[in-house]
Amino acid sequence: MFSKKLVWALMAIFAFLSISTLIMNMPEKKDRHVIEKISAYFPYEITKTMGGLDIVDKRSGEKLKIDNAKVFLAFDDLLKKWGGTHLKLKDSTLVILDDENRTVDTMHLNEKEISFVKNFFFK
């Protein structure tokens, strides 16, 4: 009924689409040291739910209803927006601000971390 070539072609198309979707929905590379430092002040977190993953606002406990395939992209977008308003880079020091623009914490950065902060948050 089906030829072997048709089966192989369908398998190849399925594999190509699966891999391309996986690559498109991967989050950006991050500097672990910087992210660990600011995560305590970032008002969102990823949690596991019965249906997969979800993003929760730590302040209100509200869950953001986001498709599981897009959770990491949405989390990166929220992190970039928050970092644009709550982070300042002064020479080699990263200043973390609260909602009232008061300094909450600071962090000394090396060249690699400075490059990451500039490219990720202030691009």
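Further up the page is the structure itself.
Residues numbered from 1 in each chain as written. Predicted model: local features only at pLDDT ≥ 70, side-chain atom pairs only at ≥ 80, totals over all residues. Heavy atoms only, no water.

A. Up close: the pattern of salt bridges. Across all of its chains, the model carries eight salt bridges by this definition. With a shortest N-O distance of 3.1 Å, Arg102 and Glu100 are connected by a salt bridge. Beyond isolated ion pairs, a larger network of salt bridges with shared partners links Asp98, Glu100 and Arg102. (Salt bridge = Lys/Arg side-chain N within 4 Å of Asp/Glu carboxyl O.)

B. Just the sheet that holds strand β5 (residues 93-97), in detail. Judged by pairing direction, the sheet is antiparallel, and its three strands sit side by side in the order β4-β5-β6 without closing on themselves. Single-partner strands in this sheet number two, and they are β4 (87-90) and β6 (103-108). In this sheet, neighbouring strand axes are inclined to one another by 20° on average, regardless of whether the strands run parallel or antiparallel. Sheet topology note: the β5/β6 ladder contains five bridges and is antiparallel. Bridged to Thr93 within β6 is His108. With respect to the sheet, helix α4 (residues 111-121) is in contact with β4, β5 and β6, its orientation differing from that of β4 by roughly 135°. (Pairing = 2+ DSSP bridges. Helix = DSSP H or I, 4+ residues; strand = E, 2+ residues; numbered from the N terminus. Axes fitted to C-alpha atoms, helices over the stretch in contact; angles between N-to-C directions. Contact = heavy atoms within 4.5 Å.)

C. Structural detail: the sheet that holds strand β2 (residues 52-57). Strand order in the open sheet formed by three strands is β1-β2-β3, with antiparallel pairing between adjacent strands. The sheet terminates laterally at β1 (44-49) and β3 (63-64), the two strands that pair on one side only. In terms of strand pairing, β1 meets β2 through six bridges, oriented antiparallel. Looking at β2, one finds that Thr47 is bridged to Asp54.

D. Quick look at the environment of Thr49. With respect to the element layout, Thr49 can be found in strand β1. Counting along the chain gives 73 residues from Thr49 to Phe122, while the straight-line C-alpha distance between them is 32 Å. Other than its neighbours up to four places away in sequence, Thr49 contacts Asp54 and Lys63.

E. Expanded view of the environment of Arg102. The topology assignment puts Arg102 in the loop between β5 and β6. Residues Arg102 and Phe14, 88 residues apart in the sequence, show an inter-C-alpha distance of 51 Å.

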